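Topology and contacts: notes
Each chain is listed here by its residues.
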There are 2 protein chains.
Amino acid sequence: MLSTMQDEPLSLATLLRYASTFQSEAKVATWTGAGTRVLTYGELGRQAAQLANALRGFGIGEGDRVATFMWNNNEHLVAYNAVPAMGAVLHALNIRLFPEQLIFVANHAEDKVVVVDATLIPLFGKYLPSLKTVQHVIVANGDASALEAPAGVTVHSYDELLASQSDSFDFPVIDEKSAAAMCYTSGTTGDPKGVVYSHRSCWLHAMQVCSPMAMGLNSQDNILAIVPMFHANAWGLPYAALMAGADLLMPDRFLQPDPLLQMMATEKPTFAGAVPTIWTGVLAALEAKPQDITHLRDVIVGGSAVPPSMMKAFQEKHGVRILHAWGMTETSPLGSVAHPPAHVTDEQAWEYRITQGRFPASVQARLIADDGSVAPNDGETLGELEVRGPWITGSYYSPDGSDIDPGKFHDGWLKTGDVGKISPNGFLTLVDRSKDVIKSGGEWISSVDLENAVMAHPAIAEAAVFGVPDEKWDERPLVAAVLREGADVDAEALREFLADKVAKWQLPERWSFIGEVPKTSVGKFDKKVLRAKYAEGELDVINLG
Amino acid sequence: MLSTMQDEPLSLATLLRYASTFQSEAKVATWTGAGTRVLTYGELGRQAAQLANALRGFGIGEGDRVATFMWNNNEHLVAYNAVPAMGAVLHALNIRLFPEQLIFVANHAEDKVVVVDATLIPLFGKYLPSLKTVQHVIVANGDASALEAPAGVTVHSYDELLASQSDSFDFPVIDEKSAAAMCYTSGTTGDPKGVVYSHRSCWLHAMQVCSPMAMGLNSQDNILAIVPMFHANAWGLPYAALMAGADLLMPDRFLQPDPLLQMMATEKPTFAGAVPTIWTGVLAALEAKPQDITHLRDVIVGGSAVPPSMMKAFQEKHGVRILHAWGMTETSPLGSVAHPPAHVTDEQAWEYRITQGRFPASVQARLIADDGSVAPNDGETLGELEVRGPWITGSYYSPDGSDIDPGKFHDGWLKTGDVGKISPNGFLTLVDRSKDVIKSGGEWISSVDLENAVMAHPAIAEAAVFGVPDEKWDERPLVAAVLREGADVDAEALREFLADKVAKWQLPERWSFIGEVPKTSVGKFDKKVLRAKYAEGELDVINLG
């Protein structure tokens, strides 16, 4: 039996029309270093129409990719809305990608137009000659003439281009499963992989971002979006702000603690989102120079695990609640947010707040054990996290229809590559990446937990733990430890130190003392290198087994 | 270009699975007159599985209608979830319909099973012999043997039936546009008309109900759902509570002010929803016997316009915020909610709070002027409200595919039959029903506004205003006024009294003094009767024109 409901698609064109009319008084403000440049959502709608008219003039039609290479600012928000609303596909380029990755993703996505911030021309200009499909570059917020155009590429000034266009555009309402935006994962191995969001997924995700189970946004909010718009859609904050009629505060290129605190002092945002390293810096700056930041009712933090000590410092010293969240580019990114459940004590609430958060109804989650069975959500059993839902990717973008990395998908679920446990009431605690977890006699050992336990010893500067083959147990952990300068400790003493910190069967037998843990370009432990050294017999290993 | 997102349908089966696992600690509690009967969402999931197994045993399959004839209680919530989750269609019968309407809707919907509260058997028993398609009746909360079964109908005890069933059921995930639930409008003229909600519309509507722009529900809430579950899905509260992991408090048949206040004193709900008459009664009871009700953070009120004086009394005397909302069965029902915009004074906030509310992004709204053109949203121009969106009906249910009341639909929009104005920032103010608005010389006059203005005169007990044909202006208002006992005033004095209250061109020339305004069965002014009397020349009319 069919329903009688209207067949109204979820559409970013509808969202733009809504925000620019019934929420026309809300505004986006971009920090200039000393104050803000402001665009009301009414003006945003008119600029979006001008940009859409200009893009149509370039021949951009439904499904064509239009890229941005920008900081978080007013003009980026215009492109964010104009491009999907006209039926084209927004591709926010990550300005921090390695050059070869940046060139790969722009060519792979076949970007036809790029909107670039003038301050990023020195960087973008180096890539432009290698971008094979780009025909037009629009330079915003500065002098377009600073960019040298290769043959076949026309460079435009954003302001001049828009000034010559009509500020009305009949944004089409298209199938809700059509592409609206795309984003590439910046994996450490292999080529970046593209995720293509739909109008439907962006709309549903924005509704969830607004939900009290997530960020609880409303028209009274002023949202400081520090998380870059090229990083998993700035966690959905831009579209959610338009839906809620909330103000947006954009930091542009001023991402250091001092300017962030200065814009907070002036603009008094009520909500903010950024990765942990930003907040570590802000916390240190606040120590040096105290400032009232209680205008922030909530701060959402994700991207990597948040140290509980930082959450407590924000709460206790500054009266600001940090919401820990988990997600990834493949999940739009909102997966789970750590709001404690009802009827718990303050102390119990903290135990929930330091988890990766609780799943909402739209994100189905399960754990897969080593033998492929579904593990129970008992808060103890470890498994690889798999998720499914309407804003979770079911594949990676493939221009020729070939399967890209099909091993990431399992029976309609996304394999996240994260290993953790889920409590009966739906809270996720991650313990490791699946490639790093150690599979010992049918049980899983978290390399991260062992590393943290070893690094708690005063003589240890850092330690990386990885699994090595073992005849009896399949795999056993090997600890590669770096001593602090002048410190001295042996493997027996370290093993004894761990005895009351980890389960007995997890205690490592194999130890190696090394000079330094190899790191990736973004500073993470590079266990690939250690594994290779071990395989080549280049590590001195003490075996206490 | 297609997105890479998973093709995951929005489904009440997914919602039930979610609530009964990750929100299994949340609960629904039903008032018994002295305390509560409690069902956790975990238990709800198991009972829903048992009910689904029993219904499958009756041969109920995808698309079959299963009705309820119940108060708001635990067992009603079980049916609310089990029936759509198994792919069948929930039809909550309005126990207050006139007998012939009740029989019409049950037969029109072809209900095969009815779940009935034992306390309603005296009422339901009278209808049952006329229900042509019903094969099974399940009696909850009392003795099933009290119901006499006509030939072809089997009567079951809810408890006994469920006890014999497995508490697990593999709820199917079906097309999101499939029917999940249906509801009939109880129009004052003609047969009731059916609206069929989809899994998609219920899910999206629940997300919106949870949004801070609407009710802002979260897992800390305990929601007192006074609005009946047979009345436009209890405004979406049941599914929203499951989505938010909020507790539900159900009043069963205890709907008088005293028991409502008693359950509030015991259960301390944080949120409540009911029509204005309920709150008028509660307010009077609180005057007589004060009670702290500040545990209520918000109360949502809709169904008919809320007197501003009542909103202010709740806020100022009891510290409780009333949210005025507008919607109808055809809109699931959430249309607009009156949260004031940002950056307004308290006084300005009140001007917004007494409107019918602001539209969210999912509900598109426009006004249609008398000439069929779209009227501007300038906060002044009147027009008939038309709405569209994913939880708004596009037709009425028709078993044989024939068009039912096609005049209610206009180019993909629902004609609401309400006349009002919309401010530039999306706030709706209704002034009249479209059938009652007076069309005078191309301008519209609100009959309701004129009635309120006339009734403000101390000599007037009540007054009904309706349009009568006029050669020059097409239509002009006629005031049918009832004098207070012993009072005396003439038409000239009344017209003078209005002079500084309404625009000069709206001042009525035609006046008639009558003994009583005819009323409908639910107490509304029945202007049909007055119009007929006028046409028959049965009204004494003074014409000052």
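The residue numbering used here restarts from 1 in each chain and proceeds along that chain's sequence as written. Going through the entries in the order they are written, you letter the chains from A and number the ligands from 1. Only residues with pLDDT of 70 or above have their local features reported here, since the model is predicted, and side-chain atom pairs are shown and tallied only from 80 upward, although totals for entire chains, interfaces and linings are computed over all residues. Side-chain numbers here rest on the full set of heavy atoms in the structure, without hydrogens or water.

1. Some details on the side chain of Asp117(A)
Residues and elements named next belong to chain A. Helix and strand assignments come from DSSP, with helices taken as H or I runs of at least 4 residues and strands as E runs of at least 2, each series counted from the N terminus. With respect to the element layout, Asp117 can be found in strand S5 (residues 113–117). Throughout, exposure labels follow a simple rule: accessible area from a 1.4 Å probe, protein chains only, divided by the maximum for the residue type, with under 20% read as buried, over 50% as exposed, and the rest as partly exposed. His residues and chain termini do not enter the charge count, which takes Lys and Arg as positive and Asp and Glu as negative. A pairing counts as a salt bridge when a side-chain nitrogen of Lys or Arg comes within 4 Å of a carboxyl oxygen of Asp or Glu. One buried charged residue, Asp117, remains without a salt bridge, the closest side chain of opposite sign being Arg37 at 6.3 Å. If near-sequence neighbours (up to four positions away) are discounted, Asp117 is found in contact with Phe69, Met70, Trp71, Asn73, Ala140 and Asn141. Contacts were defined at the residue level, with two residues in contact if any of their heavy atoms lie within 4.5 Å.

2. Structural notes on the domain arrangement of chain A
Residue and element names in this part refer to chain A. Per the annotation, domain bounds derive from an automatic or database assignment of domains. Annotation of chain A at the domain level lists domain 1 (316–432) and domain 2 (438–543). Computed over C-alpha atoms only, the centres of domain 1 and domain 2 are separated by 27 Å. Every contact between the two is made by nine residues of domain 1 and, on the other side, seven residues of domain 2. Across the domain 1 to domain 2 interface the summed buried area is about 600 Å²; carbon plus sulfur atoms make up 56%. Contact with domain 2 buries surface across domain 1, with Asp370, Val431 and Asp432 losing the most and accounting together for 71% of the total. There are one salt bridge connecting domain 1 and domain 2. Residue Asp370 is joined to Lys439 by a salt bridge in which the shortest nitrogen-to-oxygen separation is 3.5 Å. Counting residues per element, the ones that place at least two in the side of domain 1 that touches domain 2 are strand S19 (383–388) and strand S22 (427–433). Classes in brief: Ala, Val, Leu, Ile, Met, Phe, Trp, Tyr, Cys and Pro nonpolar; Asp, Glu, Lys and Arg charged; the others, Gly included, polar. Grouping the amino acids of the side of domain 1 that touches domain 2 by side-chain chemistry returns five nonpolar, one polar and three charged. Two parts placed together each lose some accessible area under a 1.4 Å probe, and adding up what both lose gives the buried area.

3. Examining the sheet that holds strand S4 (residues 89–92) of chain A
Residue and element names in this part refer to chain A. One open sheet holds the seven strands; their spatial order is S7-S6-S5-S3-S4-S8-S9, and the pairing between them is mixed. The open sheet has two edge strands, strand S7 (154–157) and strand S9 (193–198), and neither has a second partner. In this sheet, neighbouring strand axes are inclined to one another by 25° on average, regardless of whether the strands run parallel or antiparallel. Here four bridges tie strand S3 (residues 65–69) to S4, and the two strands are oriented parallel to one another. When DSSP finds two or more bridges between two strands, those strands count as paired. Only the contacting stretch of a helix is used when fitting its axis, a line to C-alpha atoms as for every element, and angles between N-to-C directions run 0 to 180 degrees.

4. Considering the pairing of strand S13 (residues 298–301) of chain B
Residues and elements named next belong to chain B. Alternating residues of S13 divide into Asp298 and Ile300 and Val299 and Val301, and every residue in both groups is buried. Where strand S12 (residues 271–274) meets S13, four bridges bridge the pair, whose relative direction is parallel. Across the sheet, residue Ala272 finds its bridge partner in S13, namely Val299. Where S13 and strand S14 (residues 321–327) come together, four bridges link them in parallel fashion. Each bridged residue has a counterpart across the sheet, and for Val301 the counterpart in S14 is His324. By the criterion used throughout, a crossover qualifies as right-handed when its path from the first strand across the helix to the second strand runs clockwise, the strands pointing away from the viewer. The parallel pair S13 and S14, bridged by helix H11 (residues 308–318), forms a crossover whose chirality is right-handed.

5. Considerations on helix H12 (residues 346–353) of chain A
Residues and elements named next belong to chain A. Within the sequence span of H12, burial applies to Ala349, Trp350 and Arg353. Viewed end-on, H12 has its buried residues packed into an arc of 105°, placing them on one side of the element. In H12, the exposed residues that point more than 90 degrees away from the buried face are Glu347 and Glu351. Close packing links the buried residues of H12 with helix H11 (308–318) and strand S14 (321–327). Note that the arc is computed from the directions linking the helix axis to the C-beta atoms.

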